[in-house]
Amino acid sequence: MTPAARLRGLKPDWLNNPKVWRTEVLAGLVVALALIPEAISFSIIAGVDPAIGLFASFTMAVTIAVVGGRRAMISAATGAVALVIAPLNREHGFGHLVAAVILAGVFQIVLGALGVARLMRFIPRSVMVGFVNSLAILIFMAQVPEMRNVPWAVYPLITAGLALMVFFPRVTTVIPAPLVSIVVLTVVTVAAGIAVPTVGDKGALPSSLPVPGLPDVPFTLDTLTTIAPYAFAMALVGLMESLMTAKLVDDITDTHSDKTRESVGQGVANIVTGFFGGMGGCAMIGQTMINVKVSGARTRLSTFLAGAFLMVLCIVFGPVVSDIPMAALVAVMVMVSFATFDWHSVAPKTLRRMPAGEITVMVVTVACVVATHNLAIGVVAGSITAMVVFAKRVAHLAEVTAVTDPDGTTVVYRVTGELFFASSNDLVGRFDYAGDPAKVVIDLSSAHIWDASSVAALDAIEAKYGQRGKTVEITGLNDPSARLHDKLSGELAAGH
């Protein structure tokens with residue numbers, strides 16, 4: 001292979017393929033346009049100047065494009081992070097907020113290095129489906145205020161925007177339909193002089209780039225103890241949303257991402273954002289869906305350009321961007337919400353076939369997220385529900401059958417299934433202590449002992465037979481079960 005050929009092989013996809021390059025650039029532009037009102041809204045939630053949210057979105061996107069583990073995923077200022085840090089800003093001031101963002105980044109790097117991303121494998125599919133559907137609902141609900149108490153012209157503009165995004169791809173997919181919709185509706189409203197809410201009504205756009213600096217707080221232990229709880233909560237919420245979003249993008253694109261790198265990358269991005277005076281952030285599901293699902297982006301270039309275009313649009317084209325009607329962006333987000341929702345999961349045919357426990361887990365996840373507007377709470381609640389459903393289901397799999405020898409001197413109890421706290425609690429009551437012969441054999445060759453509760457149950461069975469002068473022999477233990485039984489048997493009497 002020639003040096004030139006090797007160099008071509010090292011180039012990223014967007015340099016080797018003009019079509020990919022065009023897709024990534026246009027996707028980044030659409031995401032940047034959608035980020036502006038979102039970032040301003042989240043700034044208001046956090047109680048900071050709109051420029052703070054826009055700066056955070058810029059530094060998060062540009063940094064994560066380089067250090068993140070999931071290509072094409074968008075990270076910026078988010079509502080979940082804003083909700084966590086708003087009380088800190090309200091009670092202690094902006095300097096403490098910035099310090100908390102930096103500390104949250106440190107926490108995320110530590111958690112990432114400790115392998116917190118591996119916990120993702122314990123999140124069941126039903127929770128993931130609930131997560132996706134609740135996100136779609138939240139995205140739609142966030143647009144509802146923009147459709148209340150507005151001029152009548154907003155409604156036909158939203159309808160026209162949706163129609164453009166549905167039908168324009170049938171003409172060509174060279175230009176993303178959301179970008180066409182935003183441009184057309186902006187031109188129509190400006191040219192016709194239609195008075196509707198615009199991006200400029202959300203707040204003033206910044207006129208210069210952010211400048212790095214240290215947070216304006218005393219560097220004392222008292223400051224650390226004040227910001228640490230907020231920083232840790234922000235780190236957990238940010239990582240959970242980012243890792244869940246990364247997993248969703250993995251499924252959509254049929255590609256694998258480095259979740260550990262993404263966890264550390266989120267920390268690095270928040271530290272950079274904090275030093276530039278931003279409010280911090282994490283992965284954004286809505287903008288990620290615009291980038292990946294609607295616009296077809298697949299590389300880091302789109303993420304980087306989303307942040308870069310955001311600042312260019314604000315600083316260079318601020319007056320033009322301010323004239324974009326909110327109806328155009330609402331239409332884009334409504335389309336995103338419909339594209340994000342897993343309609344197959346709620347189809348009558350699917351619900352009839354789905355186990356009741358799986359449906360319950362999905363509903364609990366959606367209900368908790370929608371009620372609290374907190375994705376982390378929904379995922380935790382859904383995962384706990386899934387564990388309870390699983391434990392209940394597995395507990396019924398432990399069966400006990402008895403066979404008495406023809407001479408009537410020995411009875412063999414054959415135990416099958418998984419023995420743990422949920423199944424072993426009923427185990428003690430499955431034996432006939434008074435009626436059994438003098439010798440009892442408990443065959444565990446088709447069972448597995450998982451915890452101390454199971455060992456304690458076996459000890460209790462032996463004790464009950466011993467009180468009646470009968471002997472018990474436990475046979476068939478596999479190696480892990482035998483080691484656990486030998487280690488704990490006879491040591492748990494105080495628990496009876």
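Everything discussed here concerns the structure shown above.
Just so it is clear, the structure is predicted and the values come from calculations on it, not from any experiment.

What counts and what doesn't
Going along each chain's sequence as written, the residues are numbered from 1 onward. Confidence filtering applies because this is a predicted model: local features only for residues at pLDDT of at least 70, side-chain atom pairs given and counted only at 80 or more, and all residues used for totals across whole chains, interfaces and linings. With hydrogens and water stripped out, all remaining heavy atoms of the structure feed into the side-chain values. The way it works is that DSSP assigns letters per residue, a run of H or I at least four long becomes a helix, a run of E at least two long becomes a strand, and they are numbered from the N terminus. Relative accessibility under 20% of the residue-type maximum defines a buried residue, over 50% an exposed one, and the middle range a partly exposed one, all with a 1.4 Å probe and only protein chains included. Any two residues whose heavy atoms approach within 4.5 Å at even a single point are treated as in contact. Throughout, the Shrake-Rupley method with a 1.4 Å probe supplies accessible areas, and for residues the shown protein chains are the sole cover considered. His is not counted here, nor are the chain ends, while Lys and Arg score as positive and Asp and Glu score as negative. Note that the charge is assigned to NZ on lysines, CZ on arginines, CG on aspartates and CD on glutamates. Any Lys or Arg side-chain nitrogen located within 4 Å of an Asp or Glu carboxyl oxygen qualifies as a salt bridge. Put simply, a patch holds well-exposed residues, over 30% relative accessible area, that have no salt bridge, with like charges counted together within 9 Å and Val, Leu, Ile, Met, Phe, Trp or Tyr side chains within 5 Å. Here is the rule: rings of Phe, Tyr and Trp (six-membered ring for Trp) pair when centre to centre is within 6.5 Å. Planes less than 30 degrees apart are stacked, more than 60 are edge-to-face, and the remainder are tilted. Two conditions define a charge located above a ring, namely a distance within 6 Å from the ring centre to NZ of Lys or CZ of Arg, and an angle within 35 degrees of the ring normal. Each pair of strands is called paired provided DSSP finds at least two bridges between the two strands. Note on method: axes are straight lines fitted to C-alpha atoms, helices fitted across the in-contact stretch only, with angles between N-to-C directions ranging 0 to 180 degrees. Here, the term disulfide refers to a pair of cysteine sulfur atoms separated by no more than 2.5 Å. Classification convention: Asp, Glu, Lys, Arg as charged; Ala, Val, Leu, Ile, Met, Phe, Trp, Tyr, Cys, Pro as nonpolar; all other residues, Gly among them, as polar. The definition of a polar contact used here is a pair of N or O atoms within 3.5 Å, where within protein one atom must be able to donate a hydrogen and the other to accept one, and adjacent residues in sequence count solely through side-chain atom pairs.

(A) Broad picture of the overall build of the protein. Looking only at helices and strands, the protein has 21 helices and six strands in total. Overall, the C-alpha framework of the protein stretches about 100 × 65 × 60 Å when taken along its three principal axes. Residue burial in the protein is summarised as follows: out of 496 residues, 51% are buried. By sequence separation, contacts in the protein at least 24 residues apart represent 84% of the contacts at least 6 residues apart. When the accessible surface of the protein is split by element, carbon and sulfur atoms take 65% of a total near 22,500 Å². For the protein, the separation between the mean place of its 33 positive charges and that of its 33 negative charges on side chains is 10 Å.

(B) Highlighting the pattern of salt bridges. The tally for this structure, following the rule as stated, stands at six salt bridges. Its salt-bridge partner being Lys259, residue Asp250 comes within 2.5 Å of it at the nearest N-O pair. For the pair Asp250 and Lys259, a shared accessibility class is recorded, and that class is buried. Overlapping salt bridges bring together Arg70, Asp250 and Lys259 as one network.

(C) Looking closely at a nonpolar patch on the surface. On the surface, a cluster of nonpolar side chains totalling about 450 Å² of accessible area is made up of Phe140, Phe338, Trp343, Val346 and Leu351. Residue position: Phe140 is located in helix H7 (residues 125–143).

(D) Representation of the packing of aromatic side chains in the model. Applying the stated criterion across every chain, the model contains nine aromatic pairs. Considering the side-chain rings of Phe431 and Tyr433, the 6.3 Å spacing of their centres and the 35 degrees angle between planes classify their relative orientation as tilted. Tyr433 shares its class with Phe431; the two are buried. Taken together, a centroid distance of 6.4 Å and an interplanar angle of 90 degrees make the contact between Phe431 and Tyr465 edge-to-face. With Phe431 in the loop between helix H19 (421–424) and strand E5 (439–449) and Tyr465 in helix H20 (residues 452–466), this residue pair connects regions lying 34 residues apart in the sequence. Tyr465 carries the same exposure label as Phe431, and that label is buried. Each member of the aromatic cluster is reached from another via a ring pair, and the members are Phe140, Phe338, Phe341 and Trp343. The ring of Tyr433 is capped by Lys464, whose NZ or CZ atom sits 5.9 Å from the centre of that ring.

(E) Summary view of the sheet that holds strand E6 (residues 471–475). Sheet architecture is open: four strands sit in the order E3-E4-E5-E6, paired in mixed fashion. The open sheet terminates on both sides in strands that have one partner only, identified here as strand E3 (399–404) and E6. Strand-to-strand twist of the sheet, defined as the mean angle between neighbouring strand axes without regard to direction, takes the value 20 degrees. The pairing of strand E4 (residues 410–419) with E5 spans nine bridges and is classified as parallel. Its bridge partner being in E5, Val411 is matched across the sheet by Val440. Along the sheet, helix H21 (residues 479–488) contacts E5 and E6; its crossing angle with E5, the most-contacted strand, is approximately 120 degrees.

(F) Spatial organisation of the state of the cysteines. Under the counting rule described, the total for this entry stands at zero disulfides. With no disulfide partner, Cys314 has as its closest neighbouring cysteine sulfur the one in Cys282, 20 Å distant. The cysteine Cys368 is free of any disulfide, with Cys282 supplying the nearest cysteine sulfur at 19 Å. Given the relative accessible area of 23%, Cys368 is considered partly exposed.

(G) Here's a closer look at the packing of helix H5 (residues 79–92) against helix H6 (residues 94–113). Closest axis-to-axis distance for the H5/H6 pair is 7 Å, and the angle between their directions is 145 degrees. Listed contacts from H6 to Ile85, Leu88, Asn89 and His92 of H5 are Phe94, His96, Leu97 and Ala100. Taken together, the residues of the contact of H5 with H6 sort by class into five nonpolar, three polar and no charged.

(H) Molecular detail of the pairing of E4. Both E3 and E4 contribute to a ladder of six bridges, which runs antiparallel. Bridged to Thr401 within E4 is Arg414. Here E3 folds back onto E4 in antiparallel fashion, the turn holding five residues, of which Gly408 has a positive phi close to 75 degrees.

(I) A look at the side chain of Ser454. With respect to the helices, strands and loops of the structure, Ser454 is situated in helix H20. Here Leu419 takes part through its backbone oxygen, which lies 2.8 Å from a polar atom of the side chain of Ser454. Residues contacting Ser454, with those up to four places away along its chain left out, are Leu419, Phe420, Ser424 and Ile449.

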